[in-house]
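Take a look at the letters that make up each chain.
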Amino acid sequence: QENVESLIQELRRPKYSIYFIYFSNVISKSDVKSLAEADEQEVVAEVQEFYGDYIAVNPHVFSLNLLGCCQGRSWDPAQLSRTTQGLTALLLSLKKCPMIRYQLSSEPAKRLAECVKQVITKEYELFDFRRTEVPPLLLILDRCDDAITPLLNQWTYQAMVHELLGINNNRIDLSRVPGISRDLREVVLCAESDEFYANNMYLNFAEIGSNIKNLMEDFQRRKPKEQQKLESIADMKAFVENYPQFRKMSGTVSKHVTVVGELSRLVGERNLLEVSEVEQELACQNDHSSALQ
């Protein structure tokens, strides 16, 4: 709504001669009418809806970047509205009109299911996709009933970074790491642009250490010699072609060595190996007496 109000103010006194307006979700007919009424100089050439009102973290994981959705065991109204918007945008971008199932014991799950269903019913023309033999399923679960996951420390690369360092839109703040260099105070971990991360994000921490060593050795082999002689045009051409790859690999190595080093420091500082052993006993054993000791 704030964007619509800002657009109305802009169109009343336009700075440019032509405007193309793209919304990341469904926009109501009343809002379109308000924009049209404000566009007295007829500068708007196009209004489109492109459904992408969420953050795609990985190809199969998305986030709405919301914290504190509930007040006690009930939805915060603003957060419920935002979650409904994000979820319906996801369904539209995937071209899915699903059956909706929710956890019966959870009132928040029921409310969200009802709100999504209301949007699908209201915007039935947008959700008129080709029917499949087995309709897609939207399953809404309440993590409050999952006591095991928050109990256990994570030991795969992406999950450890998320839990110990924090990831915000694929960015990691390393400014508090002791002795960190200026160019590594914030780094990006993105599977699409970082081959090492893509190959290692779901591997266990022990495997990461071994793979970091292999990455370092590969980097050392490819590293251009300090006094490389550029005696011919071919030598110069080869150096120029390889240098960007070397720079990219250098950045990858320094980034992951720094991140894994900080994870290792935190594991030792917080005694996470011993803590994790106790957590595993609590989760897997019926007798908790040894864990309590």
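Nothing here was measured: the structure is a model prediction, and the numbers come from that model.

Another point: the overall build of the protein chain. A tally of regular secondary structure across the protein chain gives 11 helices and 10 strands. Scaling as 2.2 N^0.38, a compact globule of 293 residues should have a C-alpha radius of gyration of about 19 Å, whereas the protein chain reaches 26 Å, well beyond that. Carbon and sulfur atoms provide 51% of the accessible area of the protein chain, an area that totals close to 20100 Å². Of the charged side chains in the protein chain, 33 are positive and 42 negative; the average position of the first set lies 4 Å away from that of the second.

Before going further, it helps to spend a moment on the nonpolar core. Within the largest apolar cluster, 28 residues are counted, with the highest numbers of intra-cluster contacts made by Tyr157, Val161, Leu165, Leu174, Val259 and Leu263. Elements represented by at least two residues in this core include exactly helix H6 (157-165), helix H7 (195-200), helix H8 (205-222) and helix H9 (233-269). Considering each element in turn, this core owes the most residues, 7 residues, to H9. Not counting residues within four places of it along the chain, the set of residues in contact with Val259 comprises Tyr157, Val161, Leu165, Leu174 and Val187. Among the nonpolar cores identified, the runner-up in size contains 18 residues, and Leu90, Leu112, Ala113 and Ile120 belong to it.

Tracing the backbone shows Lys29 in helix H2 (residues 29-38). When the C-alpha atoms of Lys29 and Lys110 are compared, they prove to be 28 Å apart, with 81 residues separating the residues in sequence.

Before going further, it helps to examine helix H3 (residues 77-93). With 17 residues, H3 should cover 24 Å at 1.5 Å per step; its first-to-last C-alpha distance of 24 Å lies within 8% of that length. Buried within H3 we find Gln79, Leu80, Thr83, Thr84, Gly86, Leu87, Thr88, Ala89, Leu90, Leu91 and Leu92. Taken together, the buried residues of H3 touch strand S4 (61-63), strand S6 (74-75), helix H4 (107-122) and strand S8 (137-140). With a side-chain oxygen lying 2.9 Å from the backbone nitrogen of Ala78, the N-terminal cap of H3 falls on Asp76. Downstream of H3 by one or two residues, Lys95 has phi in the positive range, about 55 degrees.

As a further point, take the packing of H3 against H4. Look at H3 against H4: their axes get within 10 Å of each other, and the N-to-C directions meet at 55 degrees. The orientation of H3 relative to H4 falls into the category oblique. Here the hand of the crossing between H3 and H4 comes out right-handed. Across the interface between the two elements, Leu80, Thr83, Thr84, Leu87, Thr88 and Leu91 of H3 pack against Arg111, Leu112, Cys115, Val116, Val119 and Ile120 of H4. The class makeup of the residues in the contact of H3 with H4 is 8 nonpolar, 3 polar and 1 charged.

Next up on the list: the environment of Val177. As for its position among the elements, Val177 is in the loop between strand S9 (171-173) and strand S10 (186-188). You can call Val177 buried: its relative accessible area is 12%. Separated by 81 residues in the primary sequence, Val177 and Thr258 have C-alpha atoms spaced 9.0 Å apart.

Attention now goes to the pairing of strand S1 (residues 19-23). Of the two faces of S1, the one holding Tyr19, Ile21 and Phe23 is buried and the one holding Phe20 and Tyr22 is not buried anywhere. Bridge analysis of S1 against strand S2 (residues 44-49) gives 5 bridges, and the strand direction is parallel. Within S2, the residue paired with Ile21 across the bridge is Val47. Handedness of the crossover joining S1 and S2 through H2: right-handed.

Moving on to the packing of aromatic side chains. Under the definition given, this model contains 6 aromatic pairs. Ring geometry for Phe127 and Phe129: centres 6.3 Å apart, planes at 70 degrees, overall edge-to-face. Judged by relative accessible area, Phe129 falls into the buried class, the value being 19%.

Turning to unusual backbone geometry, a few remarks are in order. In this structure, Glu42 is a non-glycine residue whose phi angle is positive, near 55 degrees. Tracing the backbone shows Glu42 in the loop between H2 and S2. Classification of Glu42 by relative accessible area gives exposed; the value is 68%. For Asn169, which is not glycine, the phi dihedral falls at a positive 55 degrees. By the element assignment, Asn169 lies in the loop between H6 and S9.

Definitions and limits used
Every chain is numbered on its own, with residues counted from 1 as its sequence reads. Confidence filtering applies because this is a predicted model: local features only for residues at pLDDT of at least 70, side-chain atom pairs given and counted only at 80 or more, and all residues used for totals across whole chains, interfaces and linings. Only hydrogens and water are removed before side-chain values are computed, so all heavy atoms of the structure are retained for them. Secondary structure follows DSSP: runs of H or I at least 4 residues long count as helices, runs of E at least 2 residues long count as strands, and numbering of each begins at the N terminus. Computation of the radius of gyration draws on C-alpha atoms, with the globule rule given as 2.2 Å multiplied by the number of residues to the power 0.38. The accessible surface values rely on the Shrake-Rupley method and a 1.4 Å probe; as for residues, cover is taken only from the protein chains in view. In this count, Lys and Arg are taken as positive residues and Asp and Glu as negative ones, while His and the chain termini are left out. Note on charges: their place is set at NZ of Lys, CZ of Arg, CG of Asp or CD of Glu. To define a nonpolar core, start from buried Ala, Val, Leu, Ile, Met, Phe, Trp, Tyr and Cys residues and group those joined through side-chain atoms within 4.5 Å. When accessible area is computed with a 1.4 Å probe and restricted to protein chains, residues below 20% of their type maximum are described as buried, those above 50% as exposed, and intermediate ones as partly exposed. Contacts are assigned to residue pairs that have any heavy atoms within 4.5 Å of one another. A helix is expected to reach a length of 1.5 Å times the quantity of its residues less one. A 3.5 Å cut-off defines polar contacts: any pair of N or O atoms within that distance qualifies, except that in protein one atom must be a possible hydrogen donor and the other a possible acceptor, and neighbouring residues in sequence count only when both atoms are side-chain atoms. Helix axes use the C-alpha atoms of the stretch in contact, all axes being lines fitted to C-alpha atoms, and the angles between their N-to-C directions lie in the range 0 to 180 degrees. Roughly parallel refers to an angle under 35 degrees, roughly antiparallel to one over 145, roughly perpendicular to one between 65 and 115, and oblique to any angle outside these ranges. Handedness of a crossing follows from how the near helix is turned relative to the far one, being left-handed for an anticlockwise turn of less than a right angle and right-handed for a clockwise one. Gly is placed with the polar residues, together with every amino acid not listed as nonpolar (Ala, Val, Leu, Ile, Met, Phe, Trp, Tyr, Cys and Pro) or charged (Asp, Glu, Lys and Arg). Whether two strands pair depends on DSSP finding at least two bridges between them. Look down the strands so they point away from you; if going from the first strand over the helix to the second traces a clockwise path, that crossover is right-handed. For this analysis, a ring pair means two rings from Phe, Tyr or Trp (six-membered ring only for Trp) whose centres lie within 6.5 Å, classed as stacked if their planes differ by under 30 degrees, edge-to-face if by over 60, and tilted for the remaining angles.

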